[in-house]
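Working through the structure, step by step
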Amino acid sequence: MSSTIVGRGSELAILHTFWERATSERQPHLVSIFGSAGVGKSTVAAEFARIATETGARVVRGRSLPYRESGTYGSLASQLMQLCDVFESDSAHVVADKLRGRTAELLANADADPDLVAGHLGVIVGIDAGSEASDRDALFSSARQFLEGAAREQPTVLVFEDIHWADVNMLDLIEALATRVRGLPLLLLTLSRPELHDTRGGWAKGIPAYTALTLAPLGERHARELAVRRLGETDRVDEVIRVAEGNPLFIEQLAATIDETASGTLPTSVRALVAARLDALPRAERALLIDASVVGKVFWEGALRAMSHENGERTHLLEELERRDLVRPEATSMIEGEPQFAFTHVLIRDVAYGLLPRADRARRHGLVAEFFESSAGASREKIGALARHWRDAGNHERAVEQLVRAAEQAERGWAKDHAALLYREALELVTVENVEQKSALRRRLALAAQASFHVPDVRR
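Residues numbered from 1 in each chain as written. Predicted model: local features only at pLDDT ≥ 70, side-chain atom pairs only at ≥ 80, totals over all residues. Heavy atoms only, no water.

Attention shifts here to the overall build of the chain. For the chain, the helix and strand inventory stands at 21 helices and 8 strands. For the chain, the C-alpha radius of gyration of 23 Å lies close to 23 Å, the compact-globule estimate for 460 residues. Taking the principal axes of its C-alpha atoms as reference, the chain extends roughly 65 × 60 × 40 Å. Residues classed as buried in the chain amount to 57% of the 460 residues present. Contacts spanning at least 24 positions in sequence make up 70% of the contacts within the chain whose residues lie at least 6 apart. Carbon and sulfur atoms provide 49% of the accessible area of the chain, an area that totals close to 19600 Å². Between the centroid of the 56 positive side chains of the chain and the centroid of its 66 negative side chains there is a distance of 3 Å. (Helix = DSSP H or I, 4+ residues; strand = E, 2+ residues; numbered from the N terminus. Rg over C-alpha atoms; globule rule 2.2 N^0.38 Å. Buried < 20%, exposed > 50% of the residue type's maximum accessible area, 1.4 Å probe, protein only. Contact = heavy atoms within 4.5 Å. Areas by Shrake-Rupley, 256 points an atom, 1.4 Å probe, with all protein chains shown as cover. Lys, Arg positive; Asp, Glu negative; His and termini not counted. Charge placed at Lys NZ, Arg CZ, Asp CG, Glu CD.)

In structure tokens form, the structure reads like this:
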């Protein structure tokens, strides 16, 4: 097992051990990697995914988002869509057909009702596929049966990124999978900042097949190795090591700053460092990066096109930003025919967005919303994204419409607490003059909030 990353050999060895056990002894395992921002969680997961893929694994990644456009089961919904070749741009009818076809294929020899399971998967993804779940356990059971079928077909690694942003129901579902899946080559890998313990103190408590790994900052030897890789043997290596304090992201950004500016005092915080790098970018690259930040951590060429970037210029600028390690292309796209990119770290996205004058934000969010509406999809993620972009565009009427749709989907998925949050957000956007709509939303909010108190009793 070879690795090109620095200082994480022991963590990769542990992951490899559990993966070997999952495949050779058919013992599923849940591994959670904890670490502060920039310490390298995603890098370790990507390297492990590469190694596992070389041994025949199917690796499926899903992420929770820091903005409320992520659906209740956003991470799993994305993974289910990938396993069923579903795109965000697919119509609800096409999504339902793909879910039914793939589920029938995976559960052909299982003791399960493929149509019922496919219907429940539709609830998770965010479309009406013909089956309402009688309770949340039924929904979780269908997700488990489908994923068991996927693991029987091919050894599978499910990666759940940034679960510190995940809805409580998503966390419950991951724990349910880790508790109930047996005798299959399946590894569940979650990535999280330490603050998950503040909101979920009992995470994975009582699950025998569970291991937590904490990524500490790099030690001096490995920090130096990484700095030398980026800078060569220069007289500024010691300064980089001192300022970065073992944070790999900080080391890499410091090295890039030195490479691009070649002089000056180094910033002493990651945010200030990223801001300095973006300020030094050529004007056209900086403008495109700012536009991409309006879309979110993940963005598509079509969204940039909607903000008037010419094809030739856009392609060249994206290549330059990729070369600078500010963005990266993603292997698959959730919108058919649209190349998908991601910021290499959410902090880069946040700093870039902060550079956009407030007066210019509304127009760009409106253009992004129109881009999403132009693709005829119906998933939870798209509805949530539309709600955020219309809200930030100042079009509260259309934002409320999407928030209500998202809340209704959350209710169908037995996430009554999440539905209440969405109804409350919608209520805050309705003007005082619209008495009838306010009254209707208050009723929905009250019912969802009341139901959220009773759901635990139903589960018991």
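Each strand in a sheet pairs with another by means of backbone hydrogen bonds, the pair being arranged parallel or else antiparallel. Pairing is parallel across the open sheet formed by 5 strands, whose spatial order is β2-β3-β4-β1-β5. For this open sheet the edge positions go to β2 (58-63) and β5 (210-214), each flanked by a neighbour on one side alone. Pairwise comparison of adjacent strand axes, ignoring direction, gives a mean angle of 15° for this sheet. Relative to strand β4 (residues 186-192), strand β3 (residues 156-161) is paired through 5 bridges, and the arrangement is parallel. By the bridge assignment for β4, Val157 is matched with Leu187. (Pairing = 2+ DSSP bridges. Axes fitted to C-alpha atoms, helices over the stretch in contact; angles between N-to-C directions.)

On to helix α10 (residues 237-244), then. Taken together, the buried positions of α10 are Val237, Val240, Ile241, Val243 and Ala244. Glu245 occupies a position one or two residues after α10 and carries a positive phi of about 55°.

So, about the sheet that holds strand β7 (residues 327-329). Spatially, β6-β8-β7 is the arrangement adopted by the 3 strands of the open sheet, whose pairing is antiparallel. The open sheet terminates on both sides in strands that have one partner only, identified here as β6 (298-300) and β7. Along the sheet, successive strands turn relative to each other by an average axial angle of 30°, direction set aside. Running over the sheet, helix α13 (residues 283-295) touches β6, β7 and β8 (340-343) and is turned about 110° from β6.

Next up on the list: the packing of helix α3 (residues 74-83) against helix α5 (residues 114-125). Two elements in contact, α3 and α5, have axes whose closest approach is 9 Å; the angle formed by their N-to-C orientations is 130°. Classed by the angle they form, the pair α3 and α5 counts as oblique. Crossing of α3 over α5 shows left-handed handedness. Taken together, the residues of α5 that come into contact with α3 (itself represented by Leu76, Ala77, Leu80 and Met81) are Leu121, Ile124 and Val125. Taken together, the residues of the contact of α3 with α5 sort by class into 7 nonpolar, no polar and no charged. (Parallel < 35°, antiparallel > 145°, perpendicular 65-115°, else oblique. Left-handed = near helix turned anticlockwise from the far one by under 90°. Nonpolar A, V, L, I, M, F, W, Y, C, P; charged D, E, K, R; others polar.)

It is worth spelling out the pattern of salt bridges at this point. Taken as a whole and assessed by the stated rule, the structure comprises 30 salt bridges. Salt-bridge contacts for Glu47 lead to Arg50; the nearest nitrogen and oxygen are separated by 2.7 Å. One end of the pair is Glu47 and the other is Arg50, both in helix α2 (residues 41-54) and 3 residues apart, which spans about a single turn. Taking relative accessible area as the criterion, Arg50 reaches 31% and is therefore assigned partly exposed. (Salt bridge = Lys/Arg side-chain N within 4 Å of Asp/Glu carboxyl O.)

An α-helix turns once per 3.6 residues; consequently, residues spaced three or four apart project the same way. For helix α20 (residues 416-429), built from 14 residues, the straight-helix expectation of 20 Å at 1.5 Å per residue is met to within 8% by its first-to-last C-alpha distance of 20 Å. Where burial is concerned, most of α20 is hidden: 10 out of the 14 residues are buried. (Expected span 1.5 Å × (residues − 1).)

In this fold, Leu80 is placed in helix α3. For Leu80 and Val60, which are 20 residues apart along the polypeptide, the C-alpha to C-alpha distance reads 8.9 Å. With sequence-adjacent residues up to four places away left out, Leu80 is seen in contact with Leu121, Ile124, Val125, Phe146 and Leu147.

Leu289, Phe299 and Phe372 are the most contacted members of the largest nonpolar core, which totals 79 residues. If we ignore the near neighbours within four places in the chain, the residues touching Phe372 are Val295, Trp300, Ile335, Lys382, Ala385, Leu386 and His389. The next biggest cluster of nonpolar side chains, apart from the first, holds 53 residues, and it includes Leu121, Val125, Leu188 and Tyr210. (Core = buried A, V, L, I, M, F, W, Y, C linked by side-chain atoms within 4.5 Å.)

Interpretation in functional terms is not warranted from these geometric data alone.
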